[in-house]
Amino acid sequence: MEKSNMTTLCYIERDHQYLMLHRVSKKKDVNKDKWIGIGGHFEADESPEECLLREAKEETGLILTSYRFRGIVTFCYTGCPVEYMCLYTADGFEGTLQECDEGRLEWVDKDKVSGLNLWDGDLFFLELLRKDAPFFSLKLCYRGENCFWYRGVLDGRELELLDICGADGSPTGHVKERGMVHRDGDCHRTVHVWVVRKTPGGGAQLLLQKRSREKDAYPGCYDISAAGHIRAGDEWEISALRELEEELGIQAQREELRFIGYHEGYVEAVFWGQPFKDREVSAVYLYEKPVDTGGLILQKGEVEEVLFMEYGKIWEGIRDGSLPNCIYPEELFMIKKALAPGYEGEGVWVKEGSW
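Residues numbered from 1 in each chain as written. Predicted model: local features only at pLDDT ≥ 70, side-chain atom pairs only at ≥ 80, totals over all residues. Heavy atoms only, no water.

Colleague: Please set out the overall build of the chain residue by residue, giving values where relevant.
Modeller: Within the chain, the secondary structure is distributed over 6 helices and 20 strands. Along the three orthogonal principal directions, the C-alpha set of the chain runs to about 80 × 40 × 35 Å. When contacts within the chain are restricted to residue pairs at least 6 apart in sequence, long-range pairs at least 24 apart make up 63% of them. As displayed, the chain offers around 18000 Å² of accessible surface, 48% of which is attributable to carbon and sulfur atoms. With 44 positive and 64 negative side-chain charges, the chain shows a separation of 2 Å between the mean positions of the two kinds. (Helix = DSSP H or I, 4+ residues; strand = E, 2+ residues; numbered from the N terminus. Contact = heavy atoms within 4.5 Å. Areas by Shrake-Rupley, 256 points an atom, 1.4 Å probe, with all protein chains shown as cover. Lys, Arg positive; Asp, Glu negative; His and termini not counted. Charge placed at Lys NZ, Arg CZ, Asp CG, Glu CD.)

Structure follows, in structure tokens:
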């Protein structure tokens, strides 16, 4: 009989632990080697609660006596039917835990669950459970042989998903939501595009943007002309062109960007009472075509204003603290070197504090 596209998943709680199921028993199992809660597909005429109680009894031997319906999770897999999962937690049960033919059951401390082999999207809804979020609707979209998580939608709001990277900036294959990346300090990729104009005396001015005072990090600070995270699965140059257009309204072509190298940086700060850890590998570009600031279209809610400033004044403002900013000084040295007569190099790798 064809399986229903409706399922339940439940995390049973005890003493700050979750009962986790390590799916190691079946050879053909989409969850092979993953750790998940307990649950399964609806049978004919079952309600979500009836499915939940039956699956809990079959897989664990426990009879649930207290449980909460926490949300609906819509799963999309390339080439597969959509699955709708009813997500529960349970904090009351009776009976004795038994062995499960689906895999190995184990009580795991909640603060250690994220270290298990989980689906990337599971990490996000487990975070919602941790925060005791109100009832939610979450959509998780996966594709490819390795089930790459490339899209998430929470209560109709698109999530910003980032590739987790190694020290060389190469994606590891894992994806996390932006807020969790900055909470945990995971390495990720960004693009930094500096709009430059040379002055008659041989100097240079850089276009600075002033970040909106509503930003979740560095509100009201002067920043790179255009910058942003690289979305999961995207490329460096595509992201750089997108940020230029989104933040400043500049529609540029690939050949109009000059790549001058990579910057590796890490900072820790606190914004709006929340810790912020930023470990990033940034591709740094120059955009040297003429730009009229009066013709720019600034992204509402992101960019408060823009202005051209002399290179030397920017450096002085960073050094003496008179310019509120979130600029890495190393990138200013990269720009100075790239603008020097006869410079032909590219692809330099610069670490924070290396200049």
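Colleague: Give me the lowdown on the nonpolar core, citing residues and values where you can.
Modeller: Of all hydrophobic cores here, the largest spans 33 residues; its most connected members are Y11, V73, L87, F125, F136 and L138. In terms of residues, this core owes the most to one element, helix 2 (residues 120-130), which gives 6 residues. With 26 residues, the next largest nonpolar core counts A226, L241, A252 and V306 among its residues. (Core = buried A, V, L, I, M, F, W, Y, C linked by side-chain atoms within 4.5 Å. Buried < 20%, exposed > 50% of the residue type's maximum accessible area, 1.4 Å probe, protein only.)

Colleague: Please give an account of the packing of helix 5 (residues 311-320) against helix 6 (residues 329-339) that cites residues and values.
Modeller: As a packed pair, helix 5 and helix 6 sit with axes 11 Å apart at the nearest point and diverge in direction by 160 degrees. Between helix 5 and helix 6, the crossing angle belongs to the class labelled roughly antiparallel. Seen along the crossing, helix 5 lies across helix 6 with a hand that is left-handed. Packed against helix 5, whose contacting residues are Y311, I314, W315 and I318, the element helix 6 presents P329, L332, F333 and K336 at the interface. Here the residues of the contact of helix 5 with helix 6 sort into 7 nonpolar, no polar and 1 charged. (Axes fitted to C-alpha atoms, helices over the stretch in contact; angles between N-to-C directions. Parallel < 35°, antiparallel > 145°, perpendicular 65-115°, else oblique. Left-handed = near helix turned anticlockwise from the far one by under 90°. Nonpolar A, V, L, I, M, F, W, Y, C, P; charged D, E, K, R; others polar.)

Colleague: Before we move on, could you go through the side chain of S282 and cite the residues and values that matter?
Modeller: Checked against the element boundaries, S282 lands in strand 18 (residues 274-287). The exposure class of S282 is buried, given its relative accessible area of 0%. A polar contact of 2.5 Å, which involves the side chain of S282, links it to the side chain of T190. Setting aside anything within four residues of it in sequence, one finds S282 in contact with T190, H192, W236, G261, Y262 and H263. (Polar contact = N/O pair within 3.5 Å; in protein donor to acceptor, adjacent residues only side chain to side chain.)

Colleague: So what about the side chain of Q205? Which residues, and what values?
Modeller: For Q205, the location among the structural elements is in strand 14 (residues 204-211). Judged by relative accessible area, which is 14%, Q205 ranks as buried. Here the side chain of Q205 touches R197 through a polar contact of 2.5 Å, side chain to side chain. Of the polar contacts made by the side chain of Q205, one reaches the side chain of E310; its length is 3.0 Å. If sequence neighbours within four positions are ignored, Q205 has contacts with V195, V196, R197, T199, F308, M309, E310 and Y311.

Colleague: Describe the packing of aromatic side chains, naming the residues involved and giving the relevant values.
Modeller: Per the stated rule, a full pass over the model turns up 17 aromatic pairs. Plain terms: the ring middles of F69 and F135 are 5.1 Å apart, the flat faces sit at 90 degrees to each other, and that makes the pair edge-to-face. Within this pair, whereas F69 is found in strand 5 (residues 63-77), its partner F135 is found in the loop between helix 2 and strand 8 (136-143), the two being separated by 66 residues in sequence. Look at F135 and you get partly exposed, because its relative accessible area is 49%. Ring centres of Y77 and Y142 lie 5.7 Å apart, and the angle between their planes is 15 degrees; on these two criteria the pair is classed as stacked. (Phe/Tyr/Trp six-rings, centres within 6.5 Å; stacked < 30°, edge-to-face > 60°.)

Colleague: A description of the pairing of strand 13 (residues 187-198) should follow, citing residues and the corresponding values.
Modeller: Within strand 13, 10 of the 12 residues are buried, leaving the element largely enclosed by the surrounding structure. The sheet contact formed by strand 13 and strand 18 spans 9 bridges and is parallel. In the sheet register, R189 faces strand 18, and the bridge partner there is V281. The pairing of strand 13 with strand 16 (residues 226-229) spans 4 bridges and is classified as antiparallel. Paired with T190 across the two strands is H229, which belongs to strand 16. The antiparallel pairing of strand 13 with strand 14 creates a hairpin that spans 5 residues between the two strands, and G202 there sits at a positive phi of about 95 degrees. (Pairing = 2+ DSSP bridges.)

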